[in-house]
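# Summary of the model geometry
Listed below, chain by chain, are the residues.
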Amino acid sequence: MTSDRRQFLTGAVTAGAMAAATPAQAARKIAPKPVNPAFPKGFLWGAATAAYQVEGNNVASDIWLLERTTPTVYAEPSGDAANSFLLWERDLDLVKSLGLNSYRFSLEWARIEPEQGQFSIAMLDHYKAMIAGCHARGLTPVVTFNHFTTPRWFAALGGWHGNDAPALFARYCDRAARHLADGITYATTLNEPNLSGKLGELLPGDLLGADKAMVEAAAKALGVPIYQPGNPLYTPDGARTQRHLLEGHRLGRAAIKAVRGDLPVGVSLAMLDEQAAPDLPRGKVSLQAKMREHYYGEWLRLAKDSCDFLGIQNYERSVWDDKGKRPNPPGAVTNTMGAEVYPPSLAGVARYAHAQTGLPIMVTEHGVGSEHDEIRANLIPAALTELKRAMDDGVPVLGYLHWSLVDNFEWVFGYRIRFGLCELNRQTFERKPKPSAAVLGRIARANALT
Ligand code: BGC
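One structure accompanies this document, and this report is about it. Small disclaimer: the values here were computed from a predicted structure and weren't measured.

What follows is about empty space enclosed by the protein. Evaluated as defined, the whole model comprises four cavities of 30 Å³ or more. In this structure, the largest cavity occupies an estimated 80 Å³ of space. Taken together, 14 residues make up the lining of the largest cavity; nearest its centre are Val 54, Glu 55, Ser 84, Tyr 103 and Met 130. Elements with a minimum of two residues in the lining of the largest cavity: helix H4 (51–54), helix H6 (84–97), strand S2 (102–106) and helix H8 (121–136). Residues belonging to the lining of the largest cavity are distributed by class as follows: eight nonpolar, four polar and two charged. Put simply, the second largest cavity is a space of about 70 Å³. Looking at the lining of the second largest cavity, its residues break down into five nonpolar, five polar and one charged.

A few words now on the pattern of salt bridges. A complete count under the given rule lists 23 salt bridges for this structure. The partner of Glu 113 in a salt bridge is Arg 171, and the shortest N-O contact between them spans 3.1 Å. You can see Glu 113 sitting in the loop between helix H7 (109–112) and H8 and its partner Arg 171 sitting in helix H10 (residues 165–180), a full 58 residues away along the chain. Owing to a relative accessible area of 0%, Glu 113 belongs among the buried residues under this scheme. Two residues, Arg 317 and Glu 340, come together in a salt bridge whose shortest N-O distance is 2.9 Å. Here Arg 317 is found in strand S8 (residues 317–320), whereas its partner Glu 340 is found in the loop between S8 and helix H15 (345–357), with 23 residues between them in sequence. In this pair, the class of Arg 317 matches that of Glu 340, namely buried. Put simply, Lys 33, Arg 351 and Asp 393 are held in one network by salt bridges that share partners.

The biggest cluster of nonpolar side chains holds 128 residues, and the ones touching the most others in it are Trp 45, Phe 145, Leu 310 and Ile 312. Filtering out sequence-adjacent residues up to four positions away, Leu 310 remains in contact with Val 267, Leu 269, Leu 300, Ala 303, Ala 353, Thr 357, Leu 359, Pro 360, Ile 361 and Met 362. Residues Leu 44, Tyr 186, Phe 309 and Leu 401 belong to the second largest nonpolar core, which totals six residues.

About the cut-offs
- Residues numbered from 1 in each chain as written.
- Predicted model: local features only at pLDDT ≥ 70, side-chain atom pairs only at ≥ 80, totals over all residues.
- Heavy atoms only, no water.
- 1 Å grid on protein atoms, 1.4 Å probe; cavity = no way out; pocket = protein on both sides within 12 Å on 5 of 7 lines; lining within 4 Å.
- Points joined across faces, edges and corners; volume = space filled by probe spheres on them.
- Helix = DSSP H or I, 4+ residues; strand = E, 2+ residues; numbered from the N terminus.
- Nonpolar A, V, L, I, M, F, W, Y, C, P; charged D, E, K, R; others polar.
- Salt bridge = Lys/Arg side-chain N within 4 Å of Asp/Glu carboxyl O.
- Buried < 20%, exposed > 50% of the residue type's maximum accessible area, 1.4 Å probe, protein only.
- Core = buried A, V, L, I, M, F, W, Y, C linked by side-chain atoms within 4.5 Å.
- Contact = heavy atoms within 4.5 Å.

Structure, rendered in structure tokens:
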């Protein structure tokens, strides 16, 4: 173990010390202003999940088919997941018992509209019961209308590549909102649409090539020209998919607002903390600004004009010099995928996202994929200290929803990568809180950094 890693695991490195000092601060060795530990009254403390990753048996969803296509990029099928479709009350009790006051979950479009134009009242009632269950326990429901997976019929029409995609999504939003909007406290339209079609750039190995082979095989098996799942790695036309997602958000939001104008609606963006390498020689320009525009530009501009709040989802930072992304600093603490765990990245993103949009920010996801829970237990207070510092500096933050409540189906990686505050027994479906859950719970109960 490197000494940096040991220090991090024992919490000996304070978040303040890890925060990037401005060059002027570094030169003058100015200690950062002390953070006011108290969070504002009504701050949301929660855990987040997504339907496909926890419910299990979402047989009408796009990737259920891809998990069993030959070839497939999925390490294993999602199967029963955490069986949350049946055990949702246990999940809500768990959220409550951890000391949290809100729960972010998503509606599975394929359950609500299993065939095009055929809506299931029984499934809408299921989500209505979950929303009521949140209120019964004093939990604020934050509901994502679509977290990546779409119905299989939608993917067979080309998914977000298809011209009708935005209108089809808006019709689903309208139907779901008419049944559910009354009880929802915060809604988001889409989850991380900004990375759709760009994920191949960020994931390891030749996942993109393998993904292309998989979706082409699925299209062939179904006899359709394009089978594109909701969150594609490969897409024949990334710009077109992005255009349709932007329009889908616009129309979906309008549909929800038409049902309940006073319901706050946002979108959740995947945001790395893009930083400029601090040591570039004179005349060299970091790629920071270019990458920010590439990953977030259009979505931040749209959010500014269309959202009541912006959901940010952060897991990492990227340090850019003039040629590309810098490797991890020596001795960095890393997650299961080998990326650096850098607690101040969340605050960096909150500051940037607010500066660009002027919107209140909600942390709709933050966490770490690691089987070493002590990394999570140290990350949470360190990241929250920097987030609070940003709030003290004037960034309005509505809440912090940790990803995730329980270990779950981590997409192509299957169940190997663990993000949960609770451990999942995949045979008994028992959820067992990890020590990090107590760390978050203590802060949440105190509504203060403790
Ligand atoms: C997604 C989640 C995912 C998490 C961890 C986010 O990109 O919204 O579905 O499990 O990150 O990778």
